[in-house]
Amino acid sequence: MTDYRESQVDAALADYFAKRQAARAERVRAFLDSLTPRERALVQDVAVMGYVRGSMHPRGEEIPLNADILADVINACFVYPDLYPAVATIERCPNLRTVPADPPRHQGGVRCGCADDPEDDNDRTGL
């Protein structure tokens, strides 16, 4: 007969949970790795803004319908184009540029380069 003392069950559960957590992390990594840079930037912008907007939602109040949430998140991304450049430049710009990471504000992404001043690429300090 198997002895199911608490320490054995705890160790088995801890091992199971660790394996499941690693499997979930691998699934997420594989999904993100399969995206194009543009797709990854869009997913990141919307996910981050969705999290931000969700954390601002008052407790106990009714959660809006999906369409309203989507509109709210996309509008919020438009309001902060420097933080959410992939969504803010969704017009299918033919001149997309990468945005270098600026931790902790953002991890970089993609933005429209149509309005860039060529001098901006060489000197961002203005000196």
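Residues numbered from 1 in each chain as written. Predicted model: local features only at pLDDT ≥ 70, side-chain atom pairs only at ≥ 80, totals over all residues. Heavy atoms only, no water.

Focus on the overall build of the chain
If you tally the helices and strands in the chain, you get 5 helices and 2 strands. Within the chain, contacts between residues separated by at least 24 positions form 39% of all contacts whose residues are at least 6 apart in sequence. Here the chain displays about 10100 Å² of accessible surface, and carbon together with sulfur accounts for 58% of that area. (Helix = DSSP H or I, 4+ residues; strand = E, 2+ residues; numbered from the N terminus. Contact = heavy atoms within 4.5 Å. Areas by Shrake-Rupley, 256 points an atom, 1.4 Å probe, with all protein chains shown as cover.)

Points about the pattern of salt bridges
Counted by the stated rule, this structure contains 4 salt bridges. Of the charged contacts in the structure, one is a salt bridge between R53 and D72, with a shortest N-O distance of 2.9 Å. Taken as a pair, R53 in helix α2 (residues 37–56) and D72 in helix α3 (residues 66–79) lie far apart in primary sequence, 19 residues in all. Looking at R53, the relative accessible area reads 28%, which means it is partly exposed. Owing to a relative accessible area of 30%, D72 belongs among the partly exposed residues under this scheme. (Salt bridge = Lys/Arg side-chain N within 4 Å of Asp/Glu carboxyl O. Buried < 20%, exposed > 50% of the residue type's maximum accessible area, 1.4 Å probe, protein only.)

As for a nonpolar patch on the surface
Together, V48, Y51, V52 and M56 make up a nonpolar patch on the protein surface, roughly 410 Å² of accessible area in all. Its location among the elements puts M56 in helix α2. The exposure class assigned to M56 is exposed, which follows from its relative accessible area of 53%. (Patch = residues over 30% accessible without salt bridge, like charges linked within 9 Å, V, L, I, M, F, W, Y side chains within 5 Å.)

Details of the confidence of the model for the chain
Of the residues in the chain, 72% reach a pLDDT of 70 or more, and the chain-wide mean stands at 78. Note on residues 119–127: pLDDT under 50 across the span, and 3 contacts to partners over four residues away in sequence or across chains. (pLDDT = per-residue confidence, 0-100.)

Details of the nonpolar core
Among soluble globular proteins, nonpolar side chains are generally buried collectively. Within the largest apolar cluster, 6 residues are counted, these being M49, V73, A76, C77, Y84 and V87. The leading source of residues in this core is α3, at 3 residues. (Core = buried A, V, L, I, M, F, W, Y, C linked by side-chain atoms within 4.5 Å.)

With respect to the packing of α2 against α3
For the pair α2 and α3, the least separation of the axes is 9 Å and the interaxial angle reads 110°. With respect to their mutual orientation, α2 and α3 come out roughly perpendicular. Contacts from D45, V46, M49, G50 and R53 in α2 reach D72, V73, I74, A76 and C77 in α3. Across the contact of α2 with α3, the residue classes break down as 6 nonpolar, 1 polar and 3 charged. (Axes fitted to C-alpha atoms, helices over the stretch in contact; angles between N-to-C directions. Parallel < 35°, antiparallel > 145°, perpendicular 65-115°, else oblique. Nonpolar A, V, L, I, M, F, W, Y, C, P; charged D, E, K, R; others polar.)

Some remarks on the environment of N75
Positionally, N75 belongs in helix α3. Given the relative accessible area of 46%, N75 is considered partly exposed. Expressed as a C-alpha distance, the spacing of N75 and A88, which sit 13 residues apart in the sequence, is 9.0 Å.

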